[in-house]
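Residue-level structural notes
Read off the chains here:
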Amino acid sequence: MELKLPWVGADPIGPAEHARLRRRAIFECCKWDPQVEDVSTVAPFPLMLRREAWDEIARISEVLAAEAIAAEDELARRPDLHRDLGLPFSVRRALRGGDAPPGIARVLRFDFHWTTEGWKISEANTDVPGGFNEGSGFARLVAPSFPGSEPAGDPAGSLAEAVASATPPGGAVALVHATAYTDDRQVMVFLARELEARGRRALLAAPDHLRWRDGRARIESEWFHGELAAVVRFFPAEWLPNLPRSSGWKHFFRGGRTPVSNPATALLTQSKRFPLVWDRLETPLPEWRRLLPETRDPRDTDWKRDGAWVLKPSLGRVGDGIGMAGVTPEKEWKLIRRDIRFGPRWWAAQRKFTAVPMKVGGEAFYPCVGVYTIDGRAAGAYGRVARQPIINHLAQDVAVLVEPRQEVLYGRLAAL
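The text that follows walks through the structure, step by step, so that each part is easy to find. Small disclaimer: the values here were computed from a predicted structure and weren't measured.

Some remarks on the overall build of the chain
Per the secondary structure count, the chain includes 10 helices and 23 strands. Expected size for 416 residues packed as a compact globule is a radius of gyration near 22 Å; at 21 Å, the chain falls within 12% of this value. If you line up the chain on its principal axes, its C-alpha atoms span 70 × 55 × 40 Å. A total of 416 residues make up the chain; the buried ones form 57% of that total. Taking as baseline every contact in the chain between residues at least 6 positions apart, the subset at least 24 positions apart corresponds to 74%. Surface summary for the chain: the accessible area is close to 18,200 Å², and the carbon and sulfur share equals 51%. Computed over 58 positive and 53 negative side-chain charges, the separation of the two mean positions in the chain equals 4 Å.

Below, the structure is given as structure tokens:
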């Protein structure tokens, strides 16, 4: 039986309206990377989900989040499994001894794809998920062009609300990120606006701006001097060991006393090799096992001759470094083959699924819906679409909307 598509058709907006929304996204939503190479990163159409489809993946995400947090807690006590996760030695050493910093506003994002078998997830970003300015701001801009529809939640607002609830009014919150990267900066500037609107002082900072005293984070600079109420980390955990030891980066893993969103222990479930240790955990993971395709060590597959496998770096992000025979350009595919030959334990092989494309204006696009959970509750979505079944840096951002309610549709018909 053919599965019912989880989306409904939505025509592209006109070129003039698209250009206007694109400009507004730059200035109102901090969407400072509207073009990558020759590709506009802002799609001229939304991903319009059926209400029952949104309700389903929101519910599933909450189950996945609960399982992930339970597994992370167990993995934090299982250093014997850390090497099999493909974690660098410096990270494995930082994870030893002491307690993780108190976690607040715990945010995860699960990337859903509609396939010939129904919903599947390709991965989860449990460390530092991005896309908040597109998932909240851009979706709000696009929704009025499709009357009756509404954004699938407000992830940036929900995250800011969770941080504000865990900090005192006027409290200083450091938004720690790689300040030289525009795509990271834009997310943090947008989130800073949300925090400031909730009465918190948002400080844009690099991780080496922080100073740690007795496990508590503070900033001592010309623009701020004092202790922090909390830290929001948008700096990948595996990058932290690249910082000078004097920066105290290990406090993100162990020994920190300042509340952090997210603690660096999140890297334990961020690894694409996470499924390789499932059978050695006491934590049951039934929803992960149902939705994530079979994953193996590359050495346990015949991926060179069998095109049924997707190759992923264990700590890869935003689709970088993914190898898919027949889809990945040949030059990149050769580099991936070489890297796996010399360092297979840094890679994972994931069985392919058959993604179902979405038709817009006669063209086929492969959508990915990233569903956020914050403190265990579904909070919104970030969408991307690509012209091939691989979501990488060339994919376009798409507003994820939920179809109009029946009463709205009936009201329009009555007006006619």
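Read on, since the account is not over.
Remarks on a positive patch on the surface
Positive charge collects at one region of the surface, where R93, R96, R245 and K250 lie side by side. Mapped onto the elements of the fold, R96 is located in the loop between α3 (89–94) and β5 (107–115).

Notes on the side chain of R200
Along the chain, R200 turns up in the loop between α6 (182–196) and β9 (201–205). Buried within the structure, R200 lacks any salt-bridge partner; E161 is the closest side chain of opposite charge, at an N-O distance of 7.2 Å. Of the polar contacts made by the side chain of R200, one reaches the backbone oxygen of T167; its length is 3.0 Å. At a separation of 2.9 Å, a polar atom in the side chain of R200 contacts the main-chain carbonyl oxygen of R198. Once residues lying within four places of it in the same chain are set aside, the contact partners of R200 are A164, T167, P168, P169, G170, G171, V173 and L195.

What to know about the pattern of salt bridges
When the charged atoms of two side chains lie near each other, side chains of opposite charge can form a pair. All chains considered together, the criterion is met by 32 salt bridges. For E134, the salt bridge goes to K31, with nearest N and O atoms at 2.8 Å. Here K31 lies in the loop between α1 (15–28) and β2 (35–36) and E134 lies in helix α4 (residues 132–142), a separation of 103 residues in the sequence. Of the charged contacts in the structure, one is a salt bridge between K312 and E123, with a shortest N-O distance of 3.8 Å. Taken as a pair, K312 in strand β16 (residues 309–313) and E123 in strand β6 (residues 118–125) lie far apart in primary sequence, 189 residues in all. The exposure classification of K312 matches that of E123, with both residues buried.

Description of the sheet that holds strand β12 (residues 225–227)
Strand order across the open sheet formed by 3 strands is β10-β11-β12, with antiparallel pairing between neighbours. The outermost strands of the open sheet, each flanked by one partner alone, are β10 (210–213) and β12. Averaged over all pairs of adjacent strands, the angle between their axes in this sheet comes to 25 degrees, without regard to strand direction. Sheet analysis places strand β11 (residues 216–220) next to β12, joined by 3 bridges and oriented antiparallel. Within β12, the position partnered with R218 by the bridge is E227.

Some details on the nonpolar core
Counting residues in each nonpolar core, the largest one holds 73 residues, and the members touching the most others are L210, L228 and W288. Residue contributions to this core peak at 10 residues, all from helix α2 (residues 51–76). Residues in contact with W288, not counting those within four places in the same chain, are L64, E67, A68, F110, I121, A124, F274 and W278. Counting residues in hydrophobic clusters, the runner-up holds 43 residues, among them C30, F132, L175 and M188.

Describing the sheet that holds strand β17 (residues 323–324)
Sheet architecture is open: 4 strands sit in the order β15-β18-β16-β17, paired in antiparallel fashion. Because the sheet does not close on itself, it has two edges, and the strands there are β15 (295–296) and β17. Direction of pairing for β15 relative to strand β18 (residues 347–351): antiparallel, over a ladder of 2 bridges. Residue pairing for β18: T295 is matched across the bridge by Q350.

So, the packing of helix α5 (residues 155–165) against α6
Two numbers describe how α5 lies on α6: the axes approach to 9 Å, and their chain directions differ by 55 degrees. Judged on the interaxial angle alone, α6 and α5 are oblique. Note on packing geometry: the crossing formed by α5 with α6 is right-handed. Residue-level inspection shows A156, G157, L159, A160, V163 and A164 of α5 in contact with α6, the latter providing F190, L191, E194 and L195. Among the residues forming the contact of α5 with α6, the class breakdown is 8 nonpolar, 1 polar and 1 charged.

Remarks on the packing of α4 against α5
Two measures define how a pair of helices packs: the angle their axes make with one another and the distance between the axes. Between α4 and α5, the least distance of the axes is 7 Å, while the angle of their chain directions is 115 degrees. Residue-level contacts link F132, G135 and S136 of α4 to P155, A156, G157 and L159 of α5.

Brief notes about empty space enclosed by the protein
Applying the stated criterion across every chain, the model contains 5 cavities of 30 Å³ or more. Here the largest cavity is characterised by a volume of approximately 110 Å³. Along the wall of the largest cavity there are 15 residues; nearest its centre are E123, S271, K272, P275 and L292. Elements with a minimum of two residues in the lining of the largest cavity: β6, α7 (267–270) and β18. Broken down by element, the residue count for the lining of the largest cavity peaks at 3 residues, all from β6. Surrounding the second largest cavity, 14 residues form its lining, V107, L159, V232, R233 and F234 being those nearest its centre. Of all the elements in the fold, those that place two or more residues in the lining of the second largest cavity are α6 and β13 (230–234). Residue composition of the lining of the second largest cavity, by class: 10 nonpolar, 2 polar and 2 charged.

Cut-offs applied
Residues numbered from 1 in each chain as written. Predicted model: local features only at pLDDT ≥ 70, side-chain atom pairs only at ≥ 80, totals over all residues. Heavy atoms only, no water. Helix = DSSP H or I, 4+ residues; strand = E, 2+ residues; numbered from the N terminus. Rg over C-alpha atoms; globule rule 2.2 N^0.38 Å. Buried < 20%, exposed > 50% of the residue type's maximum accessible area, 1.4 Å probe, protein only. Contact = heavy atoms within 4.5 Å. Areas by Shrake-Rupley, 256 points an atom, 1.4 Å probe, with all protein chains shown as cover. Lys, Arg positive; Asp, Glu negative; His and termini not counted. Charge placed at Lys NZ, Arg CZ, Asp CG, Glu CD. Patch = residues over 30% accessible without salt bridge, like charges linked within 9 Å, V, L, I, M, F, W, Y side chains within 5 Å. Salt bridge = Lys/Arg side-chain N within 4 Å of Asp/Glu carboxyl O. Polar contact = N/O pair within 3.5 Å; in protein donor to acceptor, adjacent residues only side chain to side chain. Pairing = 2+ DSSP bridges. Axes fitted to C-alpha atoms, helices over the stretch in contact; angles between N-to-C directions. Core = buried A, V, L, I, M, F, W, Y, C linked by side-chain atoms within 4.5 Å. Parallel < 35°, antiparallel > 145°, perpendicular 65-115°, else oblique. Left-handed = near helix turned anticlockwise from the far one by under 90°. Nonpolar A, V, L, I, M, F, W, Y, C, P; charged D, E, K, R; others polar. 1 Å grid on protein atoms, 1.4 Å probe; cavity = no way out; pocket = protein on both sides within 12 Å on 5 of 7 lines; lining within 4 Å. Points joined across faces, edges and corners; volume = space filled by probe spheres on them.

Read these as geometric descriptors, not functional statements.
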